[in-house]
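So you can see what is in the structure, the chains are spelled out below.
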Amino acid sequence: MTVVGLAGTAVAFATSTDEEVERWFRPLRLYGEAGIVLQALGLAEEPAEETAQLRTPSEDQAPSGSSGPADVEARVATVLTCASEFAAQREAPAIGTVELLLAVMRVYGKDFDRALELRGSDRVELLERLESGVPVSTVEP
């Protein structure tokens, strides 16, 4: 899957969990159902400059550079395991971008919420859009 390849490679170069979230967010926003929903919500690839300056490290975030390759690999594996569980719950034949998005939301928690907030949205709005099942073409962003 393209998203896993792009994010999995890029996450290895992140120096914080916030950066890891950004490296997952970018390809998720571009591909599949998750990309359609994220774009329909009007979520930019990058946080707005004025809000990005207000960004503060999360309380549970490791300091920059203290997360080793094994930690990153473990988080990627956890995302994939979680996505697989979501796919099984939906009885989907394979992991899709929606399952990956939900898994990233679960694994990164507050860090993912902060990425949404910096783009003017939140978890509730995203989940409502995902659950609505309304074709994106009929929904104004």
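Right, let's walk through the structure included here. (Residues numbered from 1 in each chain as written. Predicted model: local features only at pLDDT ≥ 70, side-chain atom pairs only at ≥ 80, totals over all residues. Heavy atoms only, no water.)

1. Concerning the overall build of the chain
Here comes step 1: Across its full length, the chain carries 8 helices and 0 strands.
Here comes step 2: Looking at the chain residue by residue over its 141 residues, the buried ones come to 39%.
Here comes step 3: Considering only residue pairs separated by 6 or more positions, the chain has 63% of its internal contacts joining residues 24 or more positions apart.
Here comes step 4: Carbon and sulfur atoms make up 54% of the accessible area of the chain, which amounts to about 7600 Å² in all. (Helix = DSSP H or I, 4+ residues; strand = E, 2+ residues; numbered from the N terminus. Buried < 20%, exposed > 50% of the residue type's maximum accessible area, 1.4 Å probe, protein only. Contact = heavy atoms within 4.5 Å. Areas by Shrake-Rupley, 256 points an atom, 1.4 Å probe, with all protein chains shown as cover.)

2. A look at a nonpolar patch on the surface
Here comes step 1: A cluster of nonpolar side chains, namely L6, L30 and Y31, defines an oily patch on the protein surface of about 270 Å² accessible area.
Here comes step 2: If you trace the backbone, L30 turns up in helix α2 (residues 17-30). (Patch = residues over 30% accessible without salt bridge, like charges linked within 9 Å, V, L, I, M, F, W, Y side chains within 5 Å. Salt bridge = Lys/Arg side-chain N within 4 Å of Asp/Glu carboxyl O.)

3. A look at the pattern of salt bridges
Here comes step 1: Counted under the stated rule, the structure contains 7 salt bridges.
Here comes step 2: R90 is the salt-bridge partner of E99, the closest N and O atoms lying 2.7 Å from each other.
Here comes step 3: Accessibility expressed as a relative area gives 49% for R90, which makes it partly exposed.
Here comes step 4: Through salt bridges with shared partners, a single ionic network connects D18, D111 and R114.

4. Re the packing of aromatic side chains
Two descriptors summarise a pair of aromatic rings, namely the distance from one centre to the other and the angle between the planes of the rings.
Here comes step 1: Under the criterion given, the structure shown has 1 aromatic pair.
Here comes step 2: Between F25 and F112 the ring centres are 6.3 Å apart and the planes differ by 50°, which places this aromatic pair in the tilted class. Within this pair, whereas F25 is found in helix α2, its partner F112 is found in helix α7 (residues 110-118), the two being separated by 87 residues in sequence. The two residues F25 and F112 agree in class, both being buried. (Phe/Tyr/Trp six-rings, centres within 6.5 Å; stacked < 30°, edge-to-face > 60°.)

5. Some remarks on the packing of α2 against helix α6 (residues 97-108)
Think of two packed helices as two axes; the pair is described by the angle between the axes and how far apart they sit.
Here comes step 1: Direction vectors running N to C along α2 and α6 enclose 170°, while the axes themselves pass 11 Å from each other. The angle between α2 and α6 places the two elements in the roughly antiparallel class. Regarding α2 and α6, the two cross each other, and that crossing is left-handed. Residues T17, E20, V21, W24 and L28 of α2 form the contact with α6, whose own contacting residues are T97, L100, L101, V104 and Y108.
Here comes step 2: For the contact of α2 with α6, the class distribution of residues is 7 nonpolar, 2 polar and 1 charged. (Axes fitted to C-alpha atoms, helices over the stretch in contact; angles between N-to-C directions. Parallel < 35°, antiparallel > 145°, perpendicular 65-115°, else oblique. Left-handed = near helix turned anticlockwise from the far one by under 90°. Nonpolar A, V, L, I, M, F, W, Y, C, P; charged D, E, K, R; others polar.)

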